[in-house]
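Structure at a glance
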Amino acid sequence: MLDFFTIFSKGGIVLWCFQGAGVTESFTGPVNALIRSVILQERTGNNSYNHEGLSLKYKLDNEFELIFVVGFQKILTLTYVDKFIDDIQLHFRDRYKNELEQKGALRLINSSFEFEDDFQVLLREAEESSRARGPDRMRSFKESEKSQKTVKSMIETKGGEKVKEPGGKKNKNTKKEAEPVVVDQVKAPSPGRKPVENGNQGYTAEEIIQKKREEFIRKRTVAPAEKATKSPKPQKPREKQMRVWEMGGSSTKALDYSGSNGDHAMNGGKQQQDAHFDLGMQLSSMKGELPSVDYESSEEEEEEEQEEERVVNKPSKKISSKSGGFGGMFGMLKGLVGSKSLSREDMESVLEKMKDHLIAKNVAADIAYQLCDSVAKKLEGKVMGTFTTVASTVKLALQDSLVQILQPKRRVDILRDVMEAQNQRRPFVVTFCGVNGVGKSTNLAKISYWLIENGFTVLIAACDTFRAGAVEQLRTHQRRLNSLHPPEQHGGRPMVQLYEKGYGKDAAGIAMEAIAYARNQAFDVVLVDTAGRMQDNAPLMTALAKLIAVNMPDLVLFVGEALVGNEAVDQLVKFNQALADNSMTDKPRLIDGIVLTKFDTIDDKVGAAISMTYITGQPIVFVGTGQTYNDLRSLNARAVVSALMKA
């Protein structure tokens, strides 16, 4: 049933392995994929992993730095695997404890681990116990809830309402149904009483008249008081205040176009005004690599970190009782652990606080739970130092995991890739996709400015043929970028050009024509702007997948805003799924990177960056931090994690 079972150290030394009968393929590929995709990327929250036709389950032993991996066919349902891998771990640890305690890779290599007989015994026991358990027995009728119901309670009338039991009408006496003696007295009223409907059942005519008189008198006495407490008159709504823009200036003459004719306004006039406006912005040079996002920690936080270091490193019994250690999040969780292995119970309270903290920082709830589970599995069984707190250990482990997740798994150097494409005499093509209103066109213009500053010519393909004003927006950006880099400074050739065919056309066809035009005109980069679309809109997602499959861009960037929380997971999963479903090849083209926009609006709630990179496994290539062309940054993983862990 099992294809393979292997035990290896975290250093990569295989201690023992087993291969099932009839299995000829090597298990090196699946195990290496597990190491690359799960263990190295700190995604060990889930103990299973699928690779092609195999399902892999694994268990970490943090005390001896071991990994146990079992593989079997995905179509099989083996219920005993989880218990079996736990039994193997315990038996292997107990049998080779002395060898495993010896440090050093050479000693592990020289040690022999003969585990075949024990493995076969444990496997046989696990298979027999799963067979003996068998399917669950069906409940008898007497054990079901249906047997407790009466026949009358199950009968339904035409209107769909169930037939009510005698005495089932809601009145004051139904509260006493639990008392049989009182119920009998109510059911058999004295012959002098005549039941009356409309909520007065059980009262005589004289009692009802008396009751109505009392109600009438009460209303008469309360009426004057009600007149005195009238609601106040509604206040007049405040008039709308005129908004004052920071860079708008105080003069409104620049907005008056009535004195100029149409040709002048369309051609020379606008370009001069744009040039004047851009000069006022005082844009700085962006040559070379982009600056990284910086996060300045406050003085309070630095003091808290220094205090924590003093608490952990000071070898005395007196522990500082400063309430601000760990920034309030870990203040109440400083239980010392003295040279013992960590258990899940020790970390439970810290992890709960950690989950709440991550969710409050805009990390998607599912991702927060998976991250904390991954940290728990990473630390479970690990031996702690004498003066190390549980909270500090968990916090450090989580920080390392977050940095590992945010750091790119592959080289991301767009300037170098553009130069390689230049050597091949072809344009470097980048496609932007995302949901509505996240800032695709704006950040495309920022990236254009950065590329122009580095001496590359850019062709913008206006493939958003749906939204009104999309082409005009790109044309405005083109004029402003050319005013910042006039053609006179570059041999009379404009650095940015716009390729557009208007509205209502096929976006994939426009992108193909733009790439061919850029190849003929020797443009260095083609930036393809696509229409915003929700991830649930199947026709638009199919059109996007067609555009990418037909044109095969060098880079597919998903543009997402930093304000999004749980929605980030849904967006990225469905965008990737749509690209995979509508692909024409066996290896579909998925999202290659992320542009994180509106980063300046979130303060330290940077959890969307974690959610997006955790879901896709792809790096954040650009970060938008403002409204000018200069406001483009690269991601600094440690700065983002620092902001995320700030209380």
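A short tour of the structure in this document, coming up. The structure displayed is predicted, hence computed values, not measured ones.

**Some remarks on the overall build of the protein chain**
Looking only at helices and strands, the protein chain features 21 helices and 15 strands. When burial is assessed residue by residue, the protein chain has 41% of its 647 residues classed as buried. The contacts of the protein chain with a sequence gap of at least 6 include a subset with a gap of at least 24, amounting to 71%. For the protein chain, the computed accessible surface area is about 38200 Å², with 51% contributed by carbon and sulfur atoms.

**Brief notes about the sheet that holds strand E2 (residues 14–19)**
Across the sheet, which stays open at both edges, the five strands sit in the order E2-E1-E5-E4-E3 with antiparallel pairing between neighbours. Each edge of the sheet is formed by a strand with only one pairing partner; in this case those strands are E2 and strand E3 (48–51). The mean inter-strand angle of the sheet, taken between neighbouring strand axes irrespective of direction, is 15°. Bridge count between strand E1 (residues 2–9) and E2: five bridges; the pairing is antiparallel.

**A few points about the environment of Met419**
You can see Met419 is positioned in helix H14 (residues 414–423). When the C-alpha positions of Met419 and Phe456 are compared, they lie 9.2 Å apart, and in sequence the two are 37 residues distant.

**Some words on empty space enclosed by the protein**
All told, the structure shown has one cavity of 30 Å³ or more when counted by the stated rule. Of the volumes computed, that of the largest cavity is approximately 30 Å³. Lining the largest cavity are Ile414, Val430, Phe432, Ile447, Leu451, Leu527, Leu557 and Phe622. Those elements that place two or more of their residues in the lining of the largest cavity are strand E8 (428–433) and helix H15 (440–453). Looking at the lining of the largest cavity residue by residue, the class counts come to eight nonpolar, no polar and no charged.

**A look at the pairing of E8**
Counting buried positions along E8 gives six out of six residues, so the element sits mostly inside the fold. Side chains Phe428, Val430 and Phe432 of E8 all project onto a buried face; the interleaved residues Val429, Thr431 and Cys433 project onto the opposite face, where all are buried too. Two strands pair when backbone bridges link them, and E8 and strand E11 (residues 525–530) are joined in this way by five bridges, in the parallel orientation. Its bridge partner lying in E11, Val430 is registered against Leu527. As defined by bridge partners, E8 adjoins strand E12 (residues 555–561) across four bridges and the pair is classed as parallel.

**Topic: the nonpolar core**
Formed by 114 residues in total, the largest nonpolar core has its most connected members in Trp450 and Phe622. Sort the elements by how many residues they give to this core and helix H13 (residues 390–406) lands first, with eight residues. Those residues in contact with Trp450 that sit more than four places away from it in its chain are Met286, Gly288, Leu290, Ile414, Leu415, Phe622 and Leu632. Counting residues in hydrophobic clusters, the runner-up holds 28 residues, among them Leu2, Leu66, Phe119 and Ala126.

**Some words on the packing of aromatic side chains**
Counting across every chain of the model gives 18 aromatic pairs. Judged by centre distance (5.5 Å) and plane angle (65°), the rings of Phe84 and Phe119 are edge-to-face. Residue Phe84 is found in helix H2 (residues 81–95), and its partner Phe119 is found in helix H5 (residues 116–133); the two are separated by 35 residues along the sequence. For the pair shown, Phe84 and Phe119 are each scored as buried. Members of the aromatic cluster, each reached through a chain of ring pairs, are Phe5, Trp16, Phe18, Phe68, Tyr80, Phe84, Phe92, Tyr96, Phe113, Phe115 and Phe119.

**Quick notes on helix H16 (residues 470–484)**
Under the 1.5 Å per step criterion, the end-to-end length of H16 is 22 Å for 15 residues, consistent within 8% with the ideal 21 Å. All of the buried residues in H16 are Ala470, Val471, Leu474, His477, Gln478, Arg479, Leu481, Asn482 and Ser483.

What counts, and where the lines are drawn
Residues numbered from 1 in each chain as written. Predicted model: local features only at pLDDT ≥ 70, side-chain atom pairs only at ≥ 80, totals over all residues. Heavy atoms only, no water. Helix = DSSP H or I, 4+ residues; strand = E, 2+ residues; numbered from the N terminus. Buried < 20%, exposed > 50% of the residue type's maximum accessible area, 1.4 Å probe, protein only. Contact = heavy atoms within 4.5 Å. Areas by Shrake-Rupley, 256 points an atom, 1.4 Å probe, with all protein chains shown as cover. Pairing = 2+ DSSP bridges. Axes fitted to C-alpha atoms, helices over the stretch in contact; angles between N-to-C directions. 1 Å grid on protein atoms, 1.4 Å probe; cavity = no way out; pocket = protein on both sides within 12 Å on 5 of 7 lines; lining within 4 Å. Points joined across faces, edges and corners; volume = space filled by probe spheres on them. Nonpolar A, V, L, I, M, F, W, Y, C, P; charged D, E, K, R; others polar. Core = buried A, V, L, I, M, F, W, Y, C linked by side-chain atoms within 4.5 Å. Phe/Tyr/Trp six-rings, centres within 6.5 Å; stacked < 30°, edge-to-face > 60°. Expected span 1.5 Å × (residues − 1).

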